[in-house]
Amino acid sequence: MNSGSSRYLEIDVLRTLAIFSMVFVHFCENLAGVTPPFTGFGAPLFAFLSGASYHLWRSAQERRGRAESEIAKATIRRGLFLLGLGFAFNIFVWLPEDTFNWDVLSFLGVAWMSLELVRRWPLPVLAFAALVIYALSPVARGIADYPAYWTAGYFDPDLCLSDVLLGALVTGYFPLLPWIVYPWVGYAIGSTLFGTAERAGSARLAQRSGTALVVVAGTLLFLQQRWPALLPRGARDAWTMFPPSLAYVAGSLGLAMLVLAWLPRVLPNGDHRTARTLQLVARTFSRHALTLYLLHHVVHLWPLWIAAGLDGEEPTAYWRAASSTPAAGLLAACFLIASYAGLRWMDRHGRRGIEDLMRWLCD
Amino acid sequence: MSDLPNLPAGSERVAIGFTAEEAPSGAVLLLVDAATKRRAVARATEPRESFTPGAGAGVDLELWLVPTSGESREEEELLVEALRAELAAAGERDRAAPPPPVVVALQSAYVLWSPGVLVLLSPRERWLALRRAAIDAAFVIGELRAIEEAVEATWPELEADASLAFESSERALPRRDELRARFSRVLALRMRLSRLAPRALLPHVHPPTLASQLAERLRERARLPERLEHLREKLELQFQAVELASQRFSDYALARTGHSLEWVIIVLLAGQTILLLVELLAGYGAA
Amino acid sequence: MLPDPSLARPRIPSIAVLGGGPGGLFTAWSLQRALDRPVHLELYEASARLGGKVRTARLGPRGVPYEAGAAELYDYSALGEDPLRELVAELGLATRPMEGHAVVVGGRFLANLDDLESALGAEAASALRRFDACAQDRLSPAEFFAADLEGGSASEAPGHRFSAFLDRVPSRGARRFVETLIHSDLATEPERTSVGYGLQNYLMNDPRYLKLYSIEGGNERLIEALAQRVRAELRLEHEVLRVSRAPSGRLRIAWRSPRSSGEREHDLVVLALPLEALRRVAFEGELLRAALARHIADYDHPAHYLRLTLLFERPFWRARLQDSYAMLEAFGGACLYDESSRTPGAGYGLLGWLLGGEAARAHAKLDDATLLSRALEELPFEGALARELFVAGAVHRWSDAVNAIPGGEVPRSHARRHQPEPHAHPELFVVGDYLFDSTLNGVLDSADHVAHAIAARLAESSEEAA
């Protein structure tokens, strides 16, 4: 998502990394049926960065002198836009029965709206609320009987209100429990890192918190492998994204915080060529993250559906079996290169992406 | 001994530093500020042939004492004019747009004054009294200028913080330490100024002495009362702004503790409600 | 107060102000501000010009302006209300502070205690210090300010003279210094004035008590500004000869001008005349004549000024005299004004002498050329150069123009001072600087008092009529 404010390179770089990870993972999974080792980092990064971006976007709006109520309305409109886009995406890119599978776009829409409430909280309250959500999520999964909604690794709810709502809360692909923790913590870290002049102290705080989360994740994993009996039942999941285990959430969140706090130290700054190139690339991808998200799905999924249709097969006939892993990787790389060229062309010629549509519609 | 070739024999140069050192290097000439125990100390100097001030470290004022006989007024005038021109030239060497040297003419003394340099022309027997008065006046004027500069330096920060005087916010909280430091700074400046004020606004002495006349003229030329008044106003405003901001901070911090507790309770209740909802929904699903 | 049938009639009251000097003009101005009804005001002035002792004249081929009369105004604003300062500000006149430190004794400029000590010895310096402390103890700045307010001056034994007070100064040098310092302001000799007035004139040199200023462009601009703003029928060159009670009950004024003479009746009459002019007016009726004679006798302590003004091609004295003025030993103590310091950047040099007291009276008899020559001789600067640069000179004699014991030897209430015969002639008022402190500030106080008394009287009369 575009922050719309003065840009921080580390956010652009991190989001670009998330895009690269997402494209490679999806191409490899959906074309070759292979799960790369770096799977499971893209979505947490996107969710985390959406919180930080929200802070930057809001600050920029305030600096422009926009009234608070206007900003709140724009926030809600943006959230609804993403939610609606998420539903449309589920229908058109996947299948109509997938409308309420609570994919990442729908989640981000709800999360963006929730930030309008969360931003009013003092940071300790926000941290506490995140902790409560984090701790409640395995309990809620236990109550809801999470595995009952999942068939062969896919979320498969009945199209009834209780299942739909439960999917949004606990059992979907990106349920609010515990995914909402990412944007909230992202917002907290963003307002700490980018809201004060005293950056070094904030970066230290982010690093320490990130390290603590990583240690928690490591400890959970260690205990889960060695002495699972020591852990409560809900905390015994290993490193899994579906369901998002405690170790996974703590680990991915901690890593995101660490990287965000640490990146400014290693990124080239100044006006030399490497720095300028990096800025240009990161900014181009980062500005059009939403467009890329939609586009890469269309580009690699629709040919599968169409080819299967033409061959008279089930639509999902070639899904996960369309190519070899190297070919999928190569295609992902080609897609990224081509999309970079396309995005540069769009930027140069003032062509609009889906982000611009969102801004036009919502701001 | 004269460093300047065109000064009459017997002229002296004293480099003076205002210091609070316990054991200063050099003779103590005058206690200039009892509160901070600052004293005017004569620093060792190298012979020099120009008026350029600030050559030595720790030198705040250069005092040139030039003896006059009081016999030939015309010669005195010519000397004063030559020195004035020299001081102006030295000032131009030192900075781009120097203030012109101030010339104070008293019945039996002349004083030339440009930043950092004070030249006294008087009969030798008047030197002691004049020197004390000149050092004291120079200290007061220098101190006032230092406060003015400090106040001006604080101004942009204050303007940036002006909104905090109205209300505080979550985002402003991390700046509390910064504001605390600023509060101390402004308070310290006010204290300095209030110590200085009685000396800057000293009533005219009657019957006057040469030293009192010199001090009065220097204070008058330096426009001390007006500057003091302006400084007071500025510091008052700065103090008020910082004080208000600190008040807002305290209010906000107090309210925030209460709010946080309320929010914690709400979050816990919300957590419980979510679990109930999940349980309810799961129950419907199962049914 | 007696009933006054003349005021009961529904017509515009007529007020005559006799004297077009500062007293008359201030009275007219104050009346204008104090009254809440229209009045017909007539201002009689015997000479052809307004302003009296406030006079800015011109000298030499270039018509250089100089003060021929009152040289400065007193600024009391640091101590309290200063109506004259307020008036000057209200009239929009710019002012210039005046300062002088030096007393020239034996050709040496003594501008401070150090100079005094080196010229007259340590004993003189310490005597002056003691005298100063004693003077300040006797009259604090607040008391100095209040001296002319109602009940403000401590009464002294009549006949107690300032010279006796000065005799206590143990050093001859210090005494001479003080005498020289105050002589020209006093305009009389210490043995002819009171201790209070002498002390006032000494202490006014202390800036905590008083500051001096003059009006940019000449003090007469004050008169011009007032004349422009005063709504009165001006009768210049109208010398008032007689004041009497008319059969109508009003006061009748007989006047004479170069072209005619006449009489007019007025409801109220204000005598804003110096004592010597008051003496020349005939008052008819036993009561009134006796009251005025008593009034004149009460304040009959004449003091004198003499002003010599010398124009030079350039101000050759600036190396020695940078102040607005200095006090000289010559003429028993005279003030030497650097008149050209009033006009910064003026190419010419202008020195004004102010002689006071006996010296002024005695020298007034000499002719102008002799006087100017004496002035040149007595200059504490290079004599030969002065003669060489001398261009022109002027002499103004102000004999009997001020008062040696202003306010009178026995201070009376303000009402009593301003109404010589309050019972049978309550409509007759007196205004003068001699009633207060022989200054412009004093005459304004006097005018203010009379204006308010008249306002009160008119208000009472109309209430009675109603």
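Above this text you will find the structure in question.
Residues numbered from 1 in each chain as written. Chains lettered and ligands numbered in written order. Predicted model: local features only at pLDDT ≥ 70, side-chain atom pairs only at ≥ 80, totals over all residues.

Help me understand the overall build of chain B, please; the structure alone is not making it clear to me.
Tallying secondary structure elements over chain B gives five helices and seven strands in all. When its helices and strands are written in sequence order, chain B yields β-β-β-β-α-β-β-β-α-α-α-α. Here chain B, with 287 residues, has 34% of them falling under the buried criterion. Excluding contacts between residues fewer than 6 apart, the proportion of contacts in chain B whose partners are at least 24 apart in sequence is 71%. (Helix = DSSP H or I, 4+ residues; strand = E, 2+ residues; numbered from the N terminus. Buried ≥ 20, exposed ≤ 12 C-beta atoms within 10 Å, placed from the backbone. Contact = placed C-beta atoms within 7 Å.)

Quick question: what am I supposed to make of the sheet that holds strand β9 (residues 211-215) of chain C here?
Within a sheet, neighbouring strands are paired by backbone hydrogen bonds and run either parallel or antiparallel to one another. Residue and element names in this part refer to chain C. On the basis of which strands lie adjacent, the open sheet formed by three strands has the order β5-β9-β6 and antiparallel pairing. Where the open sheet ends on each side, the last strands, each with one partner, are β5 (73-75) and β6 (95-98). Shown here is a sheet whose adjacent strand axes are inclined to one another by a mean of 40°, direction ignored. Pairing between β6 and β9: four bridges, direction antiparallel. When the bridges of β9 are listed, M98 appears paired with L212. (Pairing = 2+ DSSP bridges. Axes fitted to C-alpha atoms, helices over the stretch in contact; angles between N-to-C directions.)

Looking at this model, I keep getting lost on the environment of B:E170. Mind explaining?
Following the sequence through the fold, B:E170 ends up in the loop between α2 (127-161) and α3 (176-200). Placed 79 residues apart in sequence, B:E170 and B:F249 show a C-alpha to C-alpha distance of 9.7 Å.

I tried to follow the interface of chain C and chain B on my own but got confused; where do I start?
By a widespread convention, an interface's size corresponds to the accessible area lost as its parts come together. Opposite the 17 residues of chain C that make contact, chain B presents 16 residues. Only α4 (113-120) and α5 (122-138) of chain C provide two or more residues apiece to the side of chain C that touches chain B.

Is there a simple way to explain helix α1 (residues 9-32) of chain A in this structure?
Given 3.6 residues to a turn, an α-helix orients residues that are three or four positions apart in the same direction. All names here are of chain A. With 24 residues, α1 extends 33 Å between its outermost C-alpha atoms, agreeing within 8% with the 34 Å of an ideal straight helix rising 1.5 Å per residue. For α1, a buried count of 19 out of 24 residues is recorded, marking the element as mostly surrounded by other parts of the structure. Directly after α1, the chain includes G33, whose backbone phi takes a positive value near 75°. (Expected span 1.5 Å × (residues − 1).)

I'm lost on the packing of α1(A) against helix α2 (residues 42-63) of chain A in this one. Help?
The description of two packed helices rests on the angle between their axes and on the distance between the axes. All names here are of chain A. At a minimum axis separation of 9 Å, α1 and α2 run at an interaxial angle of 150°. Between α1 and α2, the angle is such that the two are roughly antiparallel. The two elements α1 and α2 meet at a crossing, and its hand is left-handed. Residue-level inspection shows I11, L14, R15, L17, A18, S21, M22 and V25 of α1 in contact with α2, the latter providing G42, L45, F46, L49, A52 and S53. (Parallel < 35°, antiparallel > 145°, perpendicular 65-115°, else oblique. Left-handed = near helix turned anticlockwise from the far one by under 90°.)

Looking at this model, I keep getting lost on the interface of chain A and chain B. Mind explaining?
Taken together, the contacts link 23 residues of chain A with 19 residues of chain B. For the side of chain A that touches chain B, the elements supplying multiple residues, two or more each, are α5 (123-144), α6 (161-171) and α8 (181-195) of chain A. A class-by-class count of the residues in the side of chain A that touches chain B yields 16 nonpolar, four polar and three charged. (Nonpolar A, V, L, I, M, F, W, Y, C, P; charged D, E, K, R; others polar.)

Teacher, can you tell me more about α5(A) here?
All names here are of chain A. Relative to the 32 Å expected for 22 residues at 1.5 Å per residue, α5 spans 30 Å between its end C-alpha atoms, a close match to the ideal helical length. The axis of α5 is deflected most strongly, by about 35°, at S137, and proline P138 appears within four residues downstream. D145 sits one or two positions beyond α5 and adopts a positive phi of about 60°. (Bend = angle between axes of the 7 residues up to and from the residue.)

Just checking my understanding: could you explain the sheet that holds strand β3 (residues 38-43) of chain B for this structure?
All names here are of chain B. Reading across the sheet, the seven strands line up as β2-β3-β1-β4-β7-β6-β5 and stay open at both edges, with mixed pairing between neighbours. The two strands at the open ends of the sheet, each matched to only one other strand, are β2 (28-33) and β5 (102-106). For this sheet, the mean inter-axis angle between neighbouring strands, taken without regard to orientation, is 20°. The pairing of β5 with strand β6 (residues 109-114) spans five bridges and is antiparallel. Following the sheet pairing, L106 is matched in β6 by A109. Here α2 sits on the sheet in contact with β1 (12-19), β2, β3, β4 (61-67), β6 and β7 (117-122), set at roughly 40° to β2. Packed onto the sheet, helix α4 (residues 210-221) meets β5 and β6 and runs at close to 150° relative to β5.

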